[in-house]
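Okay, here's what each chain looks like letter by letter:
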Amino acid sequence: MAKYGKKAQETVREVMDMFKKGELKSGGSGKKVTDRKQAVAIGLSEAREKGAKVPEPPKKK
């Protein structure tokens, strides 16, 4: 069974396109995102907000 749904994949793809164009900003400070992993995390977070099939984020210890 798939770990991520189609809607989640589309959302992450859209966010990564914004990242590659240099248009992606972080939520809190509004600074430009320069890390690829952070861009993916933002995409997954947005997908969760939209109700897409995405596993829960790992819990901090």
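Before any of the text, the structure's been laid out above.
Residues numbered from 1 in each chain as written. Predicted model: local features only at pLDDT ≥ 70, side-chain atom pairs only at ≥ 80, totals over all residues. Heavy atoms only, no water.

*Asks:* What should I look at first to understand a negative patch on the surface in this one?
*Replies:* Where like charges cluster on the molecular surface, the negative patch consists of Glu10, Glu14, Asp17, Glu46 and Glu49. At 3 residues, the largest contribution of residues to the negative patch is made by helix 1 (residues 6-21). When its relative accessible area of 46% is taken as the criterion, Glu14 is described as partly exposed. (Patch = residues over 30% accessible without salt bridge, like charges linked within 9 Å, V, L, I, M, F, W, Y side chains within 5 Å. Areas by Shrake-Rupley, 256 points an atom, 1.4 Å probe, with all protein chains shown as cover. Salt bridge = Lys/Arg side-chain N within 4 Å of Asp/Glu carboxyl O. Lys, Arg positive; Asp, Glu negative; His and termini not counted. Charge placed at Lys NZ, Arg CZ, Asp CG, Glu CD. Helix = DSSP H or I, 4+ residues; strand = E, 2+ residues; numbered from the N terminus. Buried < 20%, exposed > 50% of the residue type's maximum accessible area, 1.4 Å probe, protein only.)

*Asks:* Teacher, can you tell me more about the side chain of Ser26 here?
*Replies:* Mapped onto the elements of the fold, Ser26 is located in the loop between helix 1 and helix 2 (36-50). A distance of 3.1 Å separates a polar atom in the side chain of Ser26 from a polar atom in the side chain of Ser29. (Polar contact = N/O pair within 3.5 Å; in protein donor to acceptor, adjacent residues only side chain to side chain.)

*Asks:* Mind showing me how you'd approach the environment of Lys25 here?
*Replies:* Structurally, Lys25 can be placed in the loop between helix 1 and helix 2. On a C-alpha basis, the gap between Lys25 and Ala39 in space is 9.1 Å, while along the polypeptide they are 14 residues apart.

*Asks:* Looking at this structure, how should I read the packing of helix 1 against helix 2?
*Replies:* For any two helices packed against each other, the geometry comes down to the angle between their axes and how far apart the axes lie. For the pair helix 1 and helix 2, interaxial distance at closest approach is 8 Å and the crossing angle is 140 degrees. Comparing their axes, helix 2 and helix 1 come out oblique. When you trace helix 1 past helix 2, the crossing you get is right-handed. Residues Ala8, Thr11, Val12, Glu14, Val15, Met16 and Phe19 of helix 1 lie in contact with helix 2, whose contacting residues are Arg36, Ala39, Val40, Ile42, Gly43, Leu44, Glu46, Ala47 and Lys50. Partitioning the contact of helix 1 with helix 2 into residue classes produces 10 nonpolar, 2 polar and 4 charged. (Axes fitted to C-alpha atoms, helices over the stretch in contact; angles between N-to-C directions. Parallel < 35°, antiparallel > 145°, perpendicular 65-115°, else oblique. Left-handed = near helix turned anticlockwise from the far one by under 90°. Contact = heavy atoms within 4.5 Å. Nonpolar A, V, L, I, M, F, W, Y, C, P; charged D, E, K, R; others polar.)

*Asks:* What am I meant to see in helix 2 here?
*Replies:* Every α-helix winds through 3.6 residues per turn, so residues three or four apart in the chain are directed the same way. With 15 residues, helix 2 extends 21 Å between its outermost C-alpha atoms, agreeing within 8% with the 21 Å of an ideal straight helix rising 1.5 Å per residue. For helix 2, the complete set of buried residues consists of Ala39, Ile42, Gly43, Leu44 and Ala47. Next to the buried residues of helix 2 lie helix 1. (Expected span 1.5 Å × (residues − 1).)

Take it as geometry only, folks, not as evidence of what the structure does.
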